[in-house]
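For reference, the chains in residue letters:
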Amino acid sequence: MESLPELRWGIVATGMIASWFVTDLSLPREDARARHIIQAVGARSEAKAQSFVKSFVPELEQSGIACYGSYDAVYNDPNVDIVYIATPHAFHKQNCIDAINAGKHVLCEKPFTINAREAEEVVEAARQKGFFVMEGMWTRFFPIVEKLKQLLHKERVIGEINRMFADFSLDMPLRDLPSTSRLRDVALGAGSLLDIGIYSLTWGLLSLEPPGTSEKPEILAIQTLSDGVDISSAVLLQYHDAPGARQGVITSSVLHKTDDIFARVEGSKGTLFLSGSGASMPDRIKVSLKPLNARQDMGDKNTECVDIPKAEMSFAFQEKCGGKGFYYEADCIALDIAAGKMESSIMPLNETLRVMKMLDLIRKQGGAKFPQDLPYV
Ligand SMILES: NC(=O)c1ccc[n+]([C@@H]2O[C@H](COP(=O)([O-])OP(=O)(O)OC[C@H]3O[C@@H](n4cnc5c(N)ncnc54)[C@H](OP(=O)(O)O)[C@@H]3O)[C@@H](O)[C@H]2O)c1
């Protein structure tokens, strides 16, 4: 543990995802690549910050952890190295800028901001001031993503990739939620696309584009709106300049829960399936080859399952420390910062900007608008 890089975190907001994050970072892990200290927690009231610590990291109550009744106090705490922002999307831009201006590195939950214009402001501030800033697209840091890239793009197990489908949908009873909920209030960024569709889009990009490339697929989108909130989004991605056509069918909804298999990628030699408890937490890849390829490549079996070895997979990490996987991104950030890097190579700022621009275009075609988009163009 002594030689691992150490990062002191200041937590901004005490909602659901912040509770997952601090719980994960506090778990004992044999394979940890960094040491994470929850140094401070800020909420809109000090009592809420204290209650959060009591509920989710009670072992820190006596450790001198700072509980603040404002977010500013976290930004200004000299013992905090990096601020983790877990407010509703509508506040991400200002929270990021405030933290950067106070001299802190930042990990901001996804979506990075409400729209690309806001994202550009944050990226500019980060680059000007020279702090590490990253969008918390934590799923990209799971070991299964490396395995996916290896299978699809390096080993080309399913041959030439033609098409993929990805869905992240949840059964969210929006009508039962208060109108002030971030899932209902458009002013807070409500809608399936930015909340969960961003994961479907991420799987589309990871599957259809070889690593290291950054393409500009044509986008066709349609959304179903209820009280201005997109309750369903459907997006087609078309890559025209590829040697073979590549299409992505990318969907999200708050009306139904996606089945265990949330994505499938089709290629000239077979199909790859991704599954997990949701598209943000993948834990299994299965490859099924077409009979001809299976006979040629694998003897007489017509189906081959590629299970990631337990030691590398969520299966194993769940058994080992009971966590969800936020430590993968946190460890990478600690290593990046220790190496003097200002952004992540796994979730670089230009990729965040590219994704935000795609989300803007999808909303422009689909109709979902946020007050922060004004003036509409
Ligand atoms: N990585 C993931 O898998 C994942 C999963 C879920 C959500 N997220 C992202 O994380 C962010 C927060 O989501 P969440 O599910 O944690 O939301 P949440 O449970 O509603 O918590 C949001 C927190 O933001 C603070 N807040 C400040 N102003 C607020 C306002 N006007 N209305 C509501 N809350 C306000 C509150 O904390 P205080 O009162 O303590 O200040 C609240 O607890 C969102 O951007 C979401 O997209 C990521």
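Given the structure is predicted, the values throughout are model-derived calculations rather than measurements. (Residues numbered from 1 in each chain as written. Predicted model: local features only at pLDDT ≥ 70, side-chain atom pairs only at ≥ 80, totals over all residues. Heavy atoms only, no water.)

Quick word on the pairing of strand β2 (residues 35–42)
For step 1, the next point in the chain: A large share of β2 lies buried, amounting to six of its eight residues.
For step 2, the next point in the chain: Relative to β2, strand β1 (residues 6–12) runs parallel, the two sharing seven bridges. Bridging from a neighbouring strand, Ile11 pairs with Val41 of β2.
For step 3, the next point in the chain: Handedness of the crossover joining β1 and β2 through helix α1 (residues 16–25): right-handed.
For step 4, the next point in the chain: Relative to strand β3 (residues 66–68), β2 is paired through three bridges, and the arrangement is parallel. Looking across to β3, one finds that Gly42 is bridged to Tyr68.
For step 5, the next point in the chain: As for the winding sense of the linkage, the β-α-β connection from β2 through helix α2 (residues 46–56) to β3 is right-handed. (Buried < 20%, exposed > 50% of the residue type's maximum accessible area, 1.4 Å probe, protein only. Helix = DSSP H or I, 4+ residues; strand = E, 2+ residues; numbered from the N terminus. Pairing = 2+ DSSP bridges. Right-handed = clockwise from strand over helix to strand, strands pointing away.)

Some points on the sheet that holds strand β7 (residues 161–169)
For step 1, the next point in the chain: The strand order β8-β9-β10-β7-β11-β12-β13 describes an open sheet built from seven strands, whose pairing is mixed. With partners counted over all chains shown, the strands left at the sheet margins are β8 (218–226) and β13 (282–289), one partner each. Strand-to-strand twist of the sheet, defined as the mean angle between neighbouring strand axes without regard to direction, takes the value 10°.
For step 2, the next point in the chain: Of the pairings in the sheet, the one linking β7 to strand β11 (residues 261–267) comprises five bridges and is antiparallel in character. Of the residues in β11, the one forming a bridge with Ile161 is Gly267.
For step 3, the next point in the chain: Lying over the sheet, helix α6 (residues 143–154) contacts β7, β11, β12 (270–276) and β13, oriented at roughly 15° with respect to β13.
For step 4, the next point in the chain: Contacting β8 and β9 (229–239), helix α11 (residues 349–366) crosses the sheet at an angle of about 60° to β8. (Axes fitted to C-alpha atoms, helices over the stretch in contact; angles between N-to-C directions. Contact = heavy atoms within 4.5 Å.)

Observations regarding the pattern of salt bridges
For step 1, the next point in the chain: One pass over the structure, following the stated rule, counts 19 salt bridges.
For step 2, the next point in the chain: Two residues, Lys110 and Asp195, come together in a salt bridge whose shortest N-O distance is 3.7 Å. Of this pair, Lys110 sits in the loop between β5 (105–109) and α5 (116–129) while Asp195 is found in helix α7 (residues 192–208), placing the two residues 85 residues apart along the sequence.
For step 3, the next point in the chain: A residue is classified by how much of its surface remains accessible, and Asp195, at 8% relative accessible area, is buried.
For step 4, the next point in the chain: In this structure, Glu343 and Arg127 form a salt bridge, with 3.2 Å as the shortest nitrogen-oxygen distance. Of this pair, Glu343 sits in the loop between α10 (326–338) and α11 while Arg127 sits in helix α5, placing them 216 residues apart in sequence.
For step 5, the next point in the chain: For Glu343, a relative accessible area of 25% puts it in the partly exposed group.
For step 6, the next point in the chain: By relative accessible area, which is 43% here, Arg127 ends up partly exposed. (Salt bridge = Lys/Arg side-chain N within 4 Å of Asp/Glu carboxyl O.)

Some thoughts on the sheet that holds strand β4 (residues 82–85)
For step 1, the next point in the chain: Spatially, six strands are ordered β3-β2-β1-β4-β5-β6 in an open sheet, and the strand pairing comes out parallel. The outermost strands of the open sheet, each flanked by one partner alone, are β3 and β6 (133–136). Ignoring which end each strand starts from, the neighbouring axes of this sheet average 25° apart.
For step 2, the next point in the chain: In terms of strand pairing, β5 meets β6 through four bridges, oriented parallel.

Some remarks on the UniProt feature "domain: Gfo/Idh/MocA-like oxidoreductase N-terminal" (unreviewed entry) in the protein chain
For step 1, the next point in the chain: Mapped onto this numbering, the UniProt entry gives "domain: Gfo/Idh/MocA-like oxidoreductase N-terminal" (unreviewed entry) at residues 7–136.
For step 2, the next point in the chain: Note that residues 7–136 is 38% helix and 23% strand, and that its end C-alpha atoms are spaced 16 Å apart. (UniProt positions renumbered as here; feature names shortened; annotations may be inferred.)

Comments concerning unusual backbone geometry
For step 1, the next point in the chain: Cis rather than trans, the peptide bond between Lys110 and Pro111 has omega equal to -15°.
For step 2, the next point in the chain: Position of Pro111 among the secondary structure elements: in the loop between β5 and α5.
For step 3, the next point in the chain: Phi is positive for Arg156, close to 50°, though the residue is something other than glycine.
For step 4, the next point in the chain: If you trace the backbone, Arg156 turns up in the loop between α6 and β7.
For step 5, the next point in the chain: Given a relative accessible area of 43%, Arg156 falls into the partly exposed group.

Here we look at the environment of Ala125
For step 1, the next point in the chain: Inspection of the secondary structure puts Ala125 in helix α5.
For step 2, the next point in the chain: A relative accessible area of 11% means that Ala125 is categorised as buried.
For step 3, the next point in the chain: Sequence spacing of Ala125 and Asp98 is 27 residues, and the spatial spacing of their C-alpha atoms is 9.8 Å.
For step 4, the next point in the chain: With sequence-adjacent residues up to four places away left out, Ala125 is seen in contact with Ile97 and Ile100.

Remarks on the packing of α6 against α7
For step 1, the next point in the chain: One can describe the packing of α6 onto α7 by two numbers: an axis separation of 9 Å at closest approach and a directional angle of 40°. In this view, α6 runs oblique relative to α7, as classed from their interaxial angle. Contact residues: α6 offers Val145, Leu148, Lys149, Leu152 and His153, while α7 offers Trp203, Leu206, Ser207 and Leu208.
For step 2, the next point in the chain: Residue composition of the contact of α6 with α7, grouped by class: six nonpolar, two polar and one charged. (Parallel < 35°, antiparallel > 145°, perpendicular 65-115°, else oblique. Nonpolar A, V, L, I, M, F, W, Y, C, P; charged D, E, K, R; others polar.)

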